[in-house]
Amino acid sequence: MDVMPKWAEVILVPLISLILAAILSALVILAIGEDPVAAVRLMITGALGSTYGWGYTLYYATNFMFTGLAVAIAFHAGLFNIGGEGQAMLGGLGVALVCLFIPWPHWSMALIAAVVGSAVFGALWAAIPAYLQASRGSHIVITTIMFNFIAAAVLNYMLVNVLRPAGSMDPATARFDEAVHLPSLHEMLAPIGINFSKAAPANVSLVVALIACVLVWLLIWRTPLGLEIRSFGKSHRAARYAGIGAVRITMIAMLLSGGLAGMMAINNVMGEAERLVLNAVEGAGFIGIAVALMGRSHPFGVFLAAILFGFLYQGGAELALWTSIPRELIVVIQALVILFTGALDNMVRMPLERMFLAMRRRPNVQAGE
Amino acid sequence: MTAPAIELKGISKAFGPVQANKDISIRVMPGTIHGIIGENGAGKSTLMSILYGFYKADAGEVFISGNRTEIPDSQAAIAAGIGMVFQHFKLVENFTVLENIILGAEDGALLRPSLAKARKSLLELEQEYDLKVDPDAVIEEIGVGMQQRVEILKALYRQANILILDEPTGVLTPAEADQLFRILGRLKDEGKTIILITHKLREIMDITDTVSVMRRGEMTATVKTSETSPEHLAELMVGRKVLLRVDKTPAQPGNVVLDVQNLRVRDEQGVERLKGIDLQVRAGEILGIAGVAGNGQSELLEVLGGYATGTGTITLNGQPIDLTGKNSDGRSRRANGIAHVPEDRQREGLIMDFSAWENTAFGYHHDPRYASGILMNNAAIKADTQEKMDRFDVRPPHPHLAAKNFSGGNQQKIVLAREIERNPDLLLVGQPTRGVDIGAIEFIHQQIVALRDQGKAVLLVSVELEEILGLADRVAVMFDGQIMGTRAATDTDEKELGLLMAGVTA
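Cut-offs applied
- Residues numbered from 1 in each chain as written.
- Chains lettered and ligands numbered in written order.
- Predicted model: local features only at pLDDT ≥ 70, side-chain atom pairs only at ≥ 80, totals over all residues.
- Heavy atoms only, no water.
- Helix = DSSP H or I, 4+ residues; strand = E, 2+ residues; numbered from the N terminus.
- Rg over C-alpha atoms; globule rule 2.2 N^0.38 Å.
- Contact = heavy atoms within 4.5 Å.
- Areas by Shrake-Rupley, 256 points an atom, 1.4 Å probe, with all protein chains shown as cover.
- Lys, Arg positive; Asp, Glu negative; His and termini not counted.
- Charge placed at Lys NZ, Arg CZ, Asp CG, Glu CD.
- Pairing = 2+ DSSP bridges.
- Axes fitted to C-alpha atoms, helices over the stretch in contact; angles between N-to-C directions.
- Parallel < 35°, antiparallel > 145°, perpendicular 65-115°, else oblique.
- Nonpolar A, V, L, I, M, F, W, Y, C, P; charged D, E, K, R; others polar.
- Salt bridge = Lys/Arg side-chain N within 4 Å of Asp/Glu carboxyl O.
- Buried < 20%, exposed > 50% of the residue type's maximum accessible area, 1.4 Å probe, protein only.
- Phe/Tyr/Trp six-rings, centres within 6.5 Å; stacked < 30°, edge-to-face > 60°.
- Core = buried A, V, L, I, M, F, W, Y, C linked by side-chain atoms within 4.5 Å.
- Expected span 1.5 Å × (residues − 1).
- Arc of directions from axis to C-beta.
- pLDDT = per-residue confidence, 0-100.
- Polar contact = N/O pair within 3.5 Å; in protein donor to acceptor, adjacent residues only side chain to side chain.

Points about the overall build of chain A
Each helix and strand in chain A was counted, giving 15 helices and zero strands. Relative to a compact globule of 369 residues, whose C-alpha radius of gyration would be 21 Å, chain A shows 22 Å and is just as compact. Taken along its principal axes, the extent of the C-alpha atoms in chain A is 80 × 55 × 40 Å. Counting contacts in chain A only where the partners sit at least 6 residues apart, residues at least 24 apart contribute 77% of the total. Carbon and sulfur atoms make up 70% of the accessible area of chain A, which amounts to about 16,100 Å² in all. Here chain A holds 20 positive side-chain charges and 18 negative ones, and the gap between their average locations is 13 Å.

Structural data, given as C-alpha cells:
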C-alpha cells in the first residue's frame with residue numbers, strides 16, 4: 001500500500017510546490033516595489049495571451065522536452081547526467097555539419113538527417129563520461145560537468161577557426177541554405193486555417209519532441225530494455241543477479257540521454273537560428289534537470305514541466321521587456337520553481353503523506369516491527 | 001511477593017497506519033529468563049526498543065522493580081539497570097575489548113584511570129559469571145561468540161540487572177549458542193533478569209522459564225515454558241496449527257546434474273573466499289550447505305548464479321559452464337537451466353519498488369512469452385503473475401502491488417514462484433526462509449521438496465541448521481571457504497555438524 005494515492009503524488013505535490021514558489025516570488029517582487037499581480041498578468045498575457053507568446057513558449061518548451069527527457073532517461077538508470085548542456089552544444093555541431101555541407105532537396109530529409117546527426121554527436125559526447133563511469137568508476141556527475149566546459153571550448157574553436165565564413169567577424173557558421181528551413185507553426189497551421197504568429201520561432205521540431213516523449217515512454221515502460229534500465233537504476237545488485245550488465249546499461253542509458261539532449265539542436269539551431277552560434281543552448285541543458293525532477297522522470301510529466309518552464313522563460317522575457325523588474329529577478333523566480341519542485345520536494349511531500357495517513361488510519365492493518 | 005523486575009502495562013505504539021504494539025502487558029520476575037517469541041513483524045523489536053528508550057510509547061507505563069519509570073532515551077534505560085545486546089553488535093572493530101567496554105562510560109577526561117578501573121571490574125565480572133575474555137584483544141580479531149560476550153560485559157559493567165538479548169544466536173554456531181546459554185544460566189543464578197527475543201522455538205524451550213508470544217502487535221499469551229510445547233507455541237505465533245517437521249519421502253537420486261571441481265573464488269580485495277570446492281548434486285536430491293554465515297556460501301551461490309567469477313570447472317548435465325564472466329551472467333545461467341532464489345531477496349531477488357508483475361518477469365524479461373518483438377507483453381505477464389500468485393497462495397494476490405508492500409513470506413513466494421515455475425534442472429536456494437513467517441515456511445519447504453520429487457537438483461544454502469537437517473538429503477558443511485565434510489542428513493546430527501561448522505574435523 002502506497003502512502004499517497006497516485007493523483008496526489010503526481011499532481012498535488014508539484015502543484016503545491018508551484019504555489020509556494022509563486023507566493024515567494026510574489027513576495028520578492030513586492031520587496032523591490034513592484035506589483036506582483038500586474039507582473040503575473042503581464043507574464044500570462046506575454047506568454048499565453050497571443051499566438052506570438054505561445055509560439056515562444058512552445059519553442060522554449062521544445063528545447064526543455066528534449067533536455068528533460070535526456071535527464072529523465074538517465075535518472076531511470078540511476079545516473080545523473082548534468083552534461084545536457086554540452087551534449088546539446090555538440091548536437092548543434094552535428095546539425096550544422098549536416099545542414100552546411102549536404103545539399104538537401106527538401107527540408108524533411110534534412111530534418112531526418114539532422115535528427116540523426118544531432119543525436120549521434122550528443123550521444124558520442126555522452127559516451128566518454130559514460131564509459132569512464134561504467135568501466136573506471138569516475139563519477140558521472142563530475143565528468144559530465146567537465147565535459148560541458150570542454151564542449152564549450154570545442155565549439156568555440158570550431159566556430160572561430162573552422163566554420164566561420166571567410167571575412168565574417170562573428171563566431172558563427174554561415175546561414176543554412178533555404179532548402180533546410182524548417183516549417184514554423186505559422187506555416188504548418190496556415191493550411192488548416194489557423195493564423196499563427198509569423199514571428200514566433202516554434203517549429204516542426206515540437207512534433208519531433210512530442211514523438212520523442214511517446215517513444216521514451218514506450219522504451220521505459222514497455223520494453224525489456226526499459227525494464228533493465230529501471231532495474232539497474234533501482235538496484236545494482238538485483239540487476240547483477242538478473243544478468244543485466246552494468247557497463248551495457250550505463251552506456252545505453254547515457255547514449256540515449258546524450259542523443260536526446262543533442263536533438264535539442266534541431267529546434268534551436270536548425271529551426272530558429274538557422275545557423276550555429278556560440279552559446280546557442282542558453283542553459284536549456286540545466287533547465288532539463290529541473291524539468292525531469294518536476295516531471296518525476298515520466299515523459300508526460302516532462303512534457304507538462306517543459307511547457308511550464310517555457311511559460312516561465314517567455315513570461316520572464318516579457319517582464320524584463322515591459323517592467324523595471326530586472327532580468328535577474330526572472331532567474332530568481334525560475335530558481336524558486338526549481339528549488340521548490342526539485343530540491344524541497346520532501347518539504348511538501350512529508351506533511352501531505354502524514355495527512356493522508358491520518359485520513360486513512362484504520363485499525364485492521366498489519367503490525368510491523 | 002517480590003515486585004516484578006520489569007512490568008509493562010498497556011504499551012501501545014503505532015507507526016503511521018501500522019499498529020506495531022497494541023496494549024501489551026507483561027510481568028517479568030527477577031532472576032528468571034523470559035522469552036519473547038513471535039514472527040518477523042510481530043512487534044518484538046518495537047517493544048524492546050520502547051523499553052530501551054529508542055521509541056516513545058503512544059500509551060502505557062513501565063515499572064522497574066515496582067517503580068514507575070520513564071525511559072525517554074537509552075541513557076535512562078541504562079540508569080534504570082537495563083542492558084541491551086543487539087542482534088548486530090555495537091562495537092568499535094579496531095578498539096580493544098577494554099576500550100569498547102568503557103566507551104561512553106568513561107569517568108573523566110583521561111582514559112588511563114577509567115581503563116584501570118574497568119580492568120579491575122572486568123576481572124571481578126569474569127570470576128563472578130565465568131565470562132572469560134582477553135581485555136586487550138582487538139574486537140575484529142576475536143570471533144563473534146567472543147564479541148557477543150563483550151556486549152554482555154558492557155551491559156554488566158554498566159550495572160545492568162536486566163539484560164535484553166535480541167536474536168542472540170543468529171550469528172553463532174550451535175556450540176557457541178550452547179556456551180551463550182550456559183552464561184545466561186549463570187547470570188540468572190546470580191539474580192539477573194534476562195529477556196530473550198527470538199523466533200527459534202528450540203531456544204525458548206531450552207532455557208526460558210516463562211515465554212510470551214506476540215502476534216501482529218499483540219501479546220497473545222504468556223505461559224510457563226514447562227507447561228507448553230513447540231507445537232503449541234507455533235500455533236500461538238501463527239494462529240493456526242503448523243507442521244514443524246518437513247514432510248518428505250526418502251530421495252531417489254538420479255544422474256549427477258551439477259558437478260563442481262576445485263572451485264576457487266577471490267573477492268575484490270584479492271582474498272580467496274572459496275578454496276577449492278568439490279561437490280555434486282544429483283537429480284532428485286537436495287544438497288544442503290550448512291555453515292556459519294560468511295564462510296563462503298554466498299560466494300558459492302554467486303558464482304553458480306553467474307554473477308561472480310572464479311576458477312575451476314563446473315558442469316551442468318555434463319555441459320561445461322563458463323566461470324570467467326565472459327560468457328556468463330545471470331541471464332546465461334537461466335538459459336542453461338539454473339534458477340536461483342538469492343539469499344537477499346530484498347536487494348537481489350526483487351526490486352522493491354517494482355510491482356509484483358514486473359518482478360515476476362524480472363530476469364526472464366526476454367522470454368518470448370513475456371516480450372513479443374521489442375515490446376513487452378504486459379498483459380501476458382500480468383496474467384501469468386496472477387496464476388502464479390494463486391498457485392503459491394501469495395497474499396494479497398494483486399499483481400499491481402509493489403513488492404515492498406508484501407510481507408517477507410509473500411515476497412519470498414513471489415521469487416520462488418518465478419524461479420520454480422521455470423522448471424529448472426538445478427535450483428539454487430539461499431536462506432529460503434530468512435525473515436519468513438512460520439506459516440509460510442511450511443509452504444516454501446513443501447515447494448522445494450516437490451521440485452526435488454520431480455527429479456530436479458536443488459542446492460540449498462541456509463544458516464539455520466534445523467532447516468538444513470529437515471530439508472536436505474545430504475549435508476555439506478562449509479568452513480572458511482572449504483567443505484569440511486559431507487553427510488547423509490539421516491546419519492548426522494546438530495552436534496556433529498556443529499563441530500564441522502567450527503572447523504573441527506574428527
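Next comes the rest of the description.
So, the pairing of strand E12 (residues 272–282) of chain B
The pairing of strand E11 (residues 256–266) of chain B with E12 of chain B spans eight bridges and is antiparallel. Residue pairing across strands places Leu263 of chain B opposite Ile277 of chain B, the latter belonging to E12 of chain B.

Section: the sheet that holds strand E1 (residues 6–15) of chain B
Residue and element names in this part refer to chain B. Strand order across the open sheet formed by four strands is E2-E1-E4-E5, with antiparallel pairing between neighbours. Only two strands of the sheet have a single partner each, and these edge strands are strand E2 (18–28) and strand E5 (67–68). Examined bridge by bridge, E1 and strand E4 (residues 59–64) share five bridges and lie antiparallel to one another. Residue pairing for E4: Leu8 is matched across the bridge by Val62. Sheet strands touched by helix H1 (residues 44–51): E1, E2 and E4. Its angle to E1, the strand with the most contacts, is close to 115°.

Re the packing of helix H2 (residues 36–48) of chain A against helix H3 (residues 51–76) of chain A
Residue and element names in this part refer to chain A. Two elements in contact, H2 and H3, have axes whose closest approach is 5 Å; the angle formed by their N-to-C orientations is 85°. With respect to their mutual orientation, H2 and H3 come out roughly perpendicular. Seen from H2, the contacting residues are Gly46, Ala47 and Leu48; seen from H3, they are Gly53, Trp54 and Thr57. Broken down by class, the residue content of the contact of H2 with H3 amounts to three nonpolar, three polar and no charged.

Comments concerning the pattern of salt bridges
One pass over the structure, following the stated rule, counts 38 salt bridges over all chains. Three or more residues are tied together by salt bridges with common partners; here these are Arg237 and Arg240 of chain A together with Glu302, Asp344, Arg347 and Glu348 of chain B.

Section: helix H12 (residues 284–294) of chain A
All names here are of chain A. Burial analysis of H12 places nine of its eleven residues in the buried class, the great majority of the element. Those residues of H12 lying buried are Ala284, Gly285, Ile287, Gly288, Ile289, Ala290, Val291, Ala292 and Met294. Contacts made by the buried residues of H12 are with helix H1 (6–31), H3, helix H4 (84–101), helix H11 (246–273), helix H13 (299–322) and helix H14 (327–343). A positive phi of about 55° marks Arg296, the residue just after H12.

Thoughts on the packing of aromatic side chains
Centre-to-centre distance and the angle between the planes together describe a pair of aromatic rings. Scanning the model with the defined rule gives 14 aromatic pairs over all chains in all. A centroid spacing of 5.8 Å and a plane angle of 10° characterise the contact between Phe54 of chain B and Phe86 of chain B, whose relative ring orientation is stacked. Highlighted residues: Phe54 of chain B in the loop between H1 and E4 and Phe86 of chain B in the loop between strand E6 (82–85) and helix H3 (97–102), separated in sequence by 32 residues. One aromatic cluster is present, formed by Tyr52, Tyr56, Tyr59, Tyr60, Phe64 and Tyr313 of chain A through successive ring pairs.

Considerations on the sheet that holds strand E9 (residues 210–215) of chain B
Backbone-to-backbone hydrogen bonds join strands into a sheet, with any given pair of strands oriented parallel or antiparallel. All names here are of chain B. Read across the sheet, six strands follow the order E6-E7-E8-E3-E9-E10 without closing on themselves; strand pairing throughout is mixed. The open sheet has two edge strands, E6 and strand E10 (218–224), and neither has a second partner. Strand after strand, the sheet turns through a mean of 20° between neighbouring axes, direction not considered. Relative to E6, helix H5 (residues 144–157) is tilted by about 165°, and along the sheet it contacts E6 and strand E7 (162–166).

Observations regarding the environment of Phe66 of chain A
Residues and elements named next belong to chain A. Checked against the element boundaries, Phe66 lands in helix H3. Linking Phe66 and Ile29, residues 37 residues apart in sequence, is a C-alpha distance of 31 Å. Not counting chain neighbours up to four residues away, the residues in contact with Phe66 comprise Ser205, Val208, Ala209, Ala212, Leu260, Ala261, Met263, Met264 and Ile266.

Re the nonpolar core
Phe64, Val95, Met270 and Phe309 of chain A are the most contacted members of the largest nonpolar core, which has 90 residues in total. The residues contacting Phe309 of chain A, other than those within four sequence positions of it, are Phe64, Ile287, Ala290, Val291, Met294, Gln334, Val337 and Ile338 of chain A.

Describing the interface of chain B and chain A
With 47 residues of chain B in contact, the opposing surface of chain A contributes 29 residues. Inspection of the region where chain B meets chain A yields six salt bridges. Between Arg237 of chain A and Glu348 of chain B there is a salt bridge, and its shortest N-O distance comes to 3.1 Å. When contributions to the side of chain B that touches chain A are tallied by element, the ones reaching two or more residues are E2, H1, helix H10 (330–336), helix H11 (345–349), strand E18 (375–376) and helix H14 (408–420) of chain B.

Digging into helix H8 (residues 205–222) of chain A
In an α-helix, one turn spans 3.6 residues; hence positions three or four apart end up facing the same way. Residue and element names in this part refer to chain A. For H8, which comprises 18 residues, the first-to-last C-alpha distance of 25 Å matches the rise-based estimate of 26 Å (1.5 Å per residue) to within 8%. Within H8, the full set of buried residues consists of Ser205, Leu206, Val208, Ala209, Ala212, Cys213, Val216, Leu219 and Ile220. Each buried residue of H8 sits inside an arc of 150° when the element is viewed along its axis, so together they form one side. On its buried side, H8 packs onto H3, helix H5 (107–136), helix H7 (185–189), helix H9 (224–234), H11 and H13.

Quick notes on the pairing of E11 of chain B
Residue and element names in this part refer to chain B. Here E11 folds back onto E12, and the loop between the two strands holds five residues, one of which, Gly270, carries a positive phi near 90°. With five bridges connecting them, E11 and strand E14 (residues 311–316) associate as antiparallel partners. Residue pairing across strands places Arg264 opposite Thr311, the latter belonging to E14.

Side note on the confidence of the model for chain A
For chain A, the average pLDDT comes to 91, and 96% of its residues sit at 70 or higher. Counted against residues more than four places away or in other chains, residues 362–369 of chain A, with its pLDDT under 50, gives 28 contacts.

Re unusual backbone geometry
Here the amide bond leading from Arg395 of chain B into Pro396 of chain B is cis, since omega sits at -10°, within 30 degrees of zero. Assignment of secondary structure puts Pro396 of chain B in the loop between helix H13 (378–391) and H14. Backbone geometry at Glu282 of chain A places phi at a positive 55°, although glycine is not the residue there. For Glu282 of chain A, the position within the fold is in the loop between H11 and H12.

Some words on the environment of Met188 of chain A
All names here are of chain A. By the secondary structure assignment, Met188 is in helix H7. Residues Met188 and Gly53, spaced 135 residues apart in sequence, show a C-alpha to C-alpha distance of 17 Å. Non-local contacts of Met188, meaning those with residues more than four positions away in its chain, are made with Pro183, Asn203, Val204 and Val207.

Some words on the side chain of Lys192 of chain B
All names here are of chain B. Position of Lys192 among the secondary structure elements: in the loop between helix H6 (174–189) and strand E8 (193–198). Summary of buried charges: Lys192 has no salt-bridge partner, and the nearest side chain of opposite charge, Glu128, is 6.3 Å away. A distance of 2.9 Å separates the side chain of Lys192 from the backbone oxygen of Ala160, its partner in a polar contact. A distance of 3.5 Å separates the side chain of Lys192 from the side chain of Asn161, its partner in a polar contact. Ignoring any residue separated from it by four or fewer positions in sequence, one finds Lys192 in contact with Gly31, Thr32, Tyr129, Leu156, Ala160, Asn161 and Leu187.

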